[in-house]
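Now for the letters of each chain:
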Amino acid sequence: MTHKKRIFVILILAVIITAANTSYAQPERDADKTLSPYFLVKSHDPDVDRLPLKSTWAQVNISGVIADVKVTQVYKNEGDKPLEAIYVFPASTRAAVYGMKMTIGERTITAKIREREQARQEYNQAKQAGKSASLLEQHRPNVFQMNVANILPSDVIKVELKYTELLIPTDTVYEFVYPTVVGPRYVDRQADKAGSSDTWTANPYHHQGEPPTYTFNIAVDIAAGLPIQDITCASHKTGINYKGPAFATVNLDQSEKHGGNRDFILKYRLAGGKIETGLLLFEGKDENFFLLMMQPPKKVVKSQIPPREYIFIVDVSGSMHGFPLNISKKLLKDLIGNLGSTDRFNVLLFAGSSHLMSEQSLPATPQNIMRAINTIERQRGGGGTRLLPALKRALSLPKTEGFSRSIIIATDGYVSVEEEAFDLIRNNLGRANMFTFGIGSSVNRHLIEGMARVGMGEPFVITKPEQAPEKADKFRKLIVSPVLTGIKVDFGRFKAYDVEPPGIPDVLADRPVIIFGKWRGRPRGIISLQGFTGDHPFSKKVHVSGIKPLKKNSALRYLWARHRIALLSDYNRLNKQDERIKEVTSLGLTYNLLTAYTSFVAVDTKIRLQDGQAVTIKQPLPLPQGVSDYAVGGNGSFARKSVSSFSAAPSLFGLKGKVMEESLEYKKENRLACESETDASARDKNYIELGEVIVTGDLPEKSIRELLKKHIRSFNICYRQALGKQPGLKGKVVFKMFIDSAGRVTKVHPDKGTKKEDEFKRCMLQELKKLHFPASKGGKKSIVLITFVLK
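In this text, all values refer to a predicted model and were calculated from it rather than measured experimentally.

### Some details on the overall build of the protein chain
Argument step 1. On a plain count of helices and strands, the protein chain comes out with 17 helices and 39 strands.
Argument step 2. If you take every contact in the protein chain between residues at least 6 apart in sequence, the share linking residues at least 24 apart comes to 77%.
Argument step 3. If you sum the accessible surface of the protein chain, you get close to 35,300 Å²; carbon and sulfur atoms cover 51% of it.

### Overview of unusual backbone geometry
Argument step 1. Here the residue pair Glu-500 and Pro-501 is connected by a cis peptide bond, since its omega of -5° sits within 30 degrees of zero.
Argument step 2. Secondary-structure assignment places Pro-501 in the loop between strand 30 (495–500) and strand 31 (513–520).
Argument step 3. Despite not being glycine, Asn-150 has its phi angle at roughly 55°, a positive value.
Argument step 4. Positive phi, close to 75°, is recorded for Ser-154, a residue that is not glycine.
Argument step 5. Along the chain, the position of Ser-154 falls in the loop between strand 10 (143–151) and strand 11 (156–166).

### Focus on the sheet that holds strand 31
Argument step 1. Within the open sheet, the four strands sit side by side as 20-21-31-30. Their pairing is antiparallel. Each having just a single partner strand, strand 20 (278–283) and strand 30 make up the two edges of the open sheet. Looking at each pair of strands side by side, their axes are set apart by 25° on average, direction ignored.

### Quick notes on the sheet that holds strand 12 (residues 173–178)
Argument step 1. Across the sheet, three strands lie side by side as 12-19-16; this open sheet has antiparallel pairing. Both outer strands of the open sheet, strand 12 and strand 16 (228–232), are each paired with one neighbouring strand and no more. For this sheet, the mean inter-axis angle between neighbouring strands, taken without regard to orientation, is 20°.
Argument step 2. Inspection of the sheet shows strand 12 paired to strand 19 (residues 264–270) by six bridges, in the antiparallel sense. Each bridged residue has a counterpart across the sheet, and for Tyr-174 the counterpart in strand 19 is Tyr-268.

### Here we look at the packing of helix 3 (residues 323–337) against helix 8 (residues 468–479)
For any two helices packed against each other, one specifies the crossing angle of their axes together with the interaxial distance.
Argument step 1. Two elements in contact, helix 3 and helix 8, have axes whose closest approach is 9 Å; the angle formed by their N-to-C orientations is 40°. Between helix 3 and helix 8, the angle falls in the class oblique. The hand of the helix 3/helix 8 crossing is right-handed. Residue-level inspection shows Lys-330, Leu-331, Asp-334 and Leu-335 of helix 3 in contact with helix 8, the latter providing Ala-468, Pro-469, Ala-472, Phe-475 and Arg-476.

### Quick notes on the packing of aromatic side chains
Argument step 1. Counted under the stated rule, the structure contains 23 aromatic pairs.
Argument step 2. When the centroid spacing of 4.5 Å and the interplanar angle of 10° are considered together, the rings of Tyr-98 and Tyr-558 count as stacked. With Tyr-98 in strand 6 (residues 96–104) and Tyr-558 in helix 9 (residues 555–574), this residue pair connects regions lying 460 residues apart in the sequence.
Argument step 3. A relative accessible area of 15% places Tyr-98 in the buried class.
Argument step 4. By relative accessible area, Tyr-558 is classed as buried at 14%.
Argument step 5. With centroids separated by 6.1 Å and ring planes inclined at 55°, the aromatic side chains of Phe-289 and Trp-560 adopt a geometry described as tilted. Of the two residues, Phe-289 is situated in strand 21 (residues 288–294) and Trp-560 in helix 9; the sequence distance between them amounts to 271 residues.
Argument step 6. Residue classification places Trp-560 among the buried positions, given a relative accessible area of 7%.
Argument step 7. Sitting over the face of the ring of Trp-560, Lys-518 holds its NZ or CZ atom 4.0 Å from the ring centroid.

### Quick word on the pairing of strand 5 (residues 83–90)
Argument step 1. With eight of eight residues buried, strand 5 lies mostly within the body of the structure.
Argument step 2. Judged by which residues are buried, strand 5 turns out to be covered on both faces: Leu-83, Ala-85, Tyr-87 and Phe-89 on one side and Glu-84, Ile-86, Val-88 and Pro-90 on the other are all buried.

### Some details on helix 4 (residues 366–377)
Argument step 1. For helix 4, built from 12 residues, the straight-helix expectation of 16 Å at 1.5 Å per residue is met to within 8% by its first-to-last C-alpha distance of 16 Å.
Argument step 2. In this fold, the buried residues of helix 4 make contact with helix 3, strand 23 (344–350), strand 24 (354–356) and strand 25 (362–363).

### Considerations on the nonpolar core
Argument step 1. Of all hydrophobic cores here, the largest spans 90 residues; its most connected members are Leu-136, Phe-176, Tyr-178, Ile-218 and Phe-264.
Argument step 2. Counting residues per element, this core draws most heavily on helix 9, which supplies eight residues.
Argument step 3. Those residues in contact with Tyr-178, other than ones at most four positions away along the chain, are Thr-56, Ala-58, Val-69, Val-71, Tyr-163, Phe-216, Ile-218, Asp-263 and Phe-264.
Argument step 4. In terms of nonpolar packing, the next biggest core, distinct from the first, is built from 37 residues, Val-316, Ala-364, Ile-462 and Leu-478 among them.

### A closer look at the pattern of salt bridges
Oppositely charged side chains may form a pair once their charged atoms are brought near each other.
Argument step 1. Using the criterion set out here, one finds 24 salt bridges in the structure.
Argument step 2. Residue Arg-744 is joined to Asp-740 by a salt bridge in which the shortest nitrogen-to-oxygen separation is 3.0 Å.
Argument step 3. Judged by relative accessible area, Asp-740 falls into the buried class, the value being 12%.
Argument step 4. One salt-bridge network, held together by shared partners, links Asp-49, Lys-54 and Glu-78.

### Overview of the environment of Pro-204
Argument step 1. Within the secondary structure, Pro-204 sits in strand 14 (residues 204–205).
Argument step 2. Among the residues examined, Pro-204 registers a relative accessible area of 2% and is labelled buried.
Argument step 3. Setting aside residues no more than four positions away along its own chain, Pro-204 makes contact with Tyr-38, Leu-40, Lys-618, Gln-619, Pro-620 and Leu-621.

### Things to note about the side chain of Asn-77
Argument step 1. The residue Asn-77 is located in the loop between strand 4 (66–76) and strand 5 in this model.
Argument step 2. On the basis of relative accessibility, which here comes to 1%, the residue Asn-77 falls in the buried class.
Argument step 3. A distance of 2.9 Å separates a polar atom in the side chain of Asn-77 from the backbone oxygen of Ile-151.

### Overview of the state of the cysteines
Argument step 1. For the structure shown, the criterion picks out one disulfide.
Argument step 2. Across the disulfide from Cys-718 sits Cys-763; the S-S distance is 2.0 Å. Of note, the bridge from Cys-718 to Cys-763 carries an S-S torsion of about -65° and is left-handed in sense. Pair noted here: Cys-718 is in helix 16 (residues 712–725) and Cys-763 is in helix 17 (residues 758–769), with a separation of 45 residues, a long-range link.

### Comments concerning helix 6 (residues 419–426)
Argument step 1. For helix 6, the buried fraction is high: six of the eight residues fall into the buried class.
Argument step 2. Buried within helix 6 are the following residues: Glu-419, Ala-421, Phe-422, Leu-424, Ile-425 and Arg-426.

### A look at the packing of helix 5 (residues 387–396) against helix 6
Argument step 1. Contact pair helix 5 / helix 6: the axes reach a minimum separation of 9 Å and the direction vectors enclose 25°. Classed by the angle they form, the pair helix 5 and helix 6 counts as roughly parallel. Classified by chirality, the crossing of helix 6 by helix 5 is left-handed. For the pair formed by helix 5 and helix 6, the contact residues are Leu-388, Leu-391, Lys-392 and Leu-395 on the first element and Glu-420, Ala-421, Leu-424 and Ile-425 on the second.
Argument step 2. Residues that form the contact of helix 5 with helix 6 fall into these classes: six nonpolar, no polar and two charged.

Here is what the cut-offs are and how they apply
- Residues numbered from 1 in each chain as written.
- Predicted model: local features only at pLDDT ≥ 70, side-chain atom pairs only at ≥ 80, totals over all residues.
- Heavy atoms only, no water.
- Helix = DSSP H or I, 4+ residues; strand = E, 2+ residues; numbered from the N terminus.
- Contact = heavy atoms within 4.5 Å.
- Areas by Shrake-Rupley, 256 points an atom, 1.4 Å probe, with all protein chains shown as cover.
- Pairing = 2+ DSSP bridges.
- Axes fitted to C-alpha atoms, helices over the stretch in contact; angles between N-to-C directions.
- Parallel < 35°, antiparallel > 145°, perpendicular 65-115°, else oblique.
- Left-handed = near helix turned anticlockwise from the far one by under 90°.
- Phe/Tyr/Trp six-rings, centres within 6.5 Å; stacked < 30°, edge-to-face > 60°.
- Buried < 20%, exposed > 50% of the residue type's maximum accessible area, 1.4 Å probe, protein only.
- Lys NZ or Arg CZ within 6 Å of the ring centre and 35° of its normal.
- Expected span 1.5 Å × (residues − 1).
- Core = buried A, V, L, I, M, F, W, Y, C linked by side-chain atoms within 4.5 Å.
- Salt bridge = Lys/Arg side-chain N within 4 Å of Asp/Glu carboxyl O.
- Polar contact = N/O pair within 3.5 Å; in protein donor to acceptor, adjacent residues only side chain to side chain.
- Disulfide = S-S within 2.5 Å.
- Nonpolar A, V, L, I, M, F, W, Y, C, P; charged D, E, K, R; others polar.

What follows is the structure, given as structure tokens:
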């Protein structure tokens with residue numbers, strides 16, 4: 001190709017890019033594309049400021065066990081065109097966001113809490129009218145989005161949000177975590193069918209190793225209530241100053257101003273290994289709130305530890321067939337094989353029905369342990385799954401007096417979990433400790449973590465066989481010495497109600513017993529906590545009448561409501577109900593809290609943009625420290641989106657080849673995604689064809705074929721990448737795909753007899769898991785066998 005022809009081709013490419021984009025800095029998406037993160041492609045338009053967020057800093061005040069955090073985001077428009085800035089950022093899953101305000105010059109506008117759709121409508125109306133406005137929405141319990149409309153050239157707009165959270169020590173160590181960046185996320189829905197709560201995932205990212213383009217700062221004031229022994233911050237370089245025995249300040253070092261690519265983690269301990277305990281009271285206008293924290297006894301000596309009983313509930317359904325069930329076997333062999341001679345145990349296998357090893361828990365003798373291992377080893381996986389009958393059966397087993405009972409559930413999470421199962425776990429908190437093990441490479445984490453949360457236990461996730469011993473060891477360390485068992489609370493004359501939790505499981509580590517709720521009348525009476533430490537009775541009392549309600553404890557109302565919202569959200573993930581949505585919405589509006597259904601909106605009264613339309617800019621995020629470009633699209637599947645994210649191509653007049661080359665800078669393998677099939681075939685004779693498709697279930701074969709054909713380009717990329725490491729790779733490859741009633745791919749693996757080419761298999765499994773098929777009209781699951789022909 002001559003030099004003139006090359007220049008001509010570059011100019012044509014620039015025209016195509018310009019025409020394909022609007023003035024918005026967002027990637028275009030076809031209907032068949034899933035929502036995915038993409039790399040920022042640099043623009044050379046000097047009129048548009050692509051990086052409107054200039055700084056984010058946090059002021060943290062820790063008083064006793066409550067952290068109050070004020071986050072200030074500063075936006076400035078250094079371009080010549082008005083902007084709308086969109087910034088996606090994280091927060092703690094325990095954060096209760098209770099306020100927001102926007103400052104423009106000398107004017108400060110306090111945000112109002114509104115139902116989500118109403119807030120969005122008010123924001124859009126203000127944007128269209130030329131008013132500056134800000135909108136704060138929750139997409140996930142720990143992922144928020146800030147929109148700031150009509151930032152005029154040279155404008156500086158500050159948006160301040162406030163949240164509070166409870167700090168719960170473990171083994172006498174307090175930990176405060178301030179998350180700084182949301183990592184790349186994927187949604188297995190087509191872009192045109194995704195809900196508003198999923199669109200945030202299509203966000204631009206900088207490349208690996210590039211620092212954030214905005215500055216980061218954080219300052220922490222600690223008033224511990226008791227003398228502080230030590231403070232550490234391993235995540236960032238800080239300066240720590242002690243202002244007295246119980247007071248300290250922590251400031252970020254100047255060298256860390258671009259440290260917003262990793263979580264800020266602060267840990268501290270109180271002198272003598274103590275933890276803050278006692279009763280906090282708040283008296284409000286309409287409701288009163290309390291928080292009780294009581295330190296359990298120190299770890300008991302081994303001879304005093306009560307004997308323990310373990311009931312293992314193991315999922316052996318069809319989705320656990322193969323790899324997940326093999327991990328479960330390895331885990332249970334490790335756990336059961338290391339039980340103590342005084343321990344008792346039982347095994348309950350469940351699928352469509354359940355199989356109990358013994359009607360009574362058995363002593364952990366070598367013979368019984370071998371019997372259990374053999375029972376588990378014989379399982380192959382098959383049938384449907386219902387957890388509720390298995391849980392009921394486990395809890396109905398006769399309990400041996402004096403034994404501390406723990407129930408361990410091992411599943412991939414793709415089971416039918418009725419709301420009654422969550423109720424059953426919550427209502428039996430005092431009868432058994434609940435632990436969940438999520439097994440498999442694609443675990444339903446919402447369910448695993450939800451069951452652990454309602455059971456006040458701990459979730460463990462195992463994605464690889466080699467992780468089983470490590471997780472089993474962590475589990476053993478957690479339960480090895482219960483410090484307090486058989487716990488009961490008596491409120492006496494203190495009129496408590498809406499108390500959480502409804503019961504208290506055994507305390508298995510040196511962490512406080514936490515109870516909170518509401519109270520009526522005068523604060524009086526005695527609250528007593530009773531239980532057993534080892535084989536000795538334990539009792540602690542709190543005299544309520546000697547404690548005054550304080551205004552500074554106002555955060556208790558937010559913390560109570562946030563806990564209630566989290567609980568309702570866990571239930572809603574099982575079965576979304578209008579009544580629960582209404583209750584969450586009501587809690588958000590009543591207690592001024594950000595939720596999935598309530599948002600904060602602040603609107604300026606002045607019309608500031610008279611003519612024209614603001615350019616919408618998604619603030620690009622840094623990749624979290626240690627995360628590679630592969631998290632965004634290292635296999636090339638997302639380069640197509642990067643190219644289309646040009647929002648304002650450089651002027652064609654005077655465009656030089658070198659400028660275009662720099663603007664379209666991405667990896668060689670990413671270019672494969674931009675080629676048409678014709679171009680690819682001309683360059684490389686190897687390609688992949690869709691062969692036989694066999695469906696078990698009520699999904700139409702035609703629908704499955706059509707969706708697979710839409711993604712054939714991605715499959716071709718997998719094939720060509722594999723050829724680089726495995727020349728001569730040809731023949732037929734069969735994949736088995738499990739699809740739930742909603743059309744989601746819950747599991748996929750190479751079918752038996754298929755040679756497992758590592759590179760090709762890895763890439764194809766990744767691509768097939770992203771697919772989303774039409775929902776089943778009959779509400780049934782489907783199994784699909786797909787044959788691909790490699791040529």
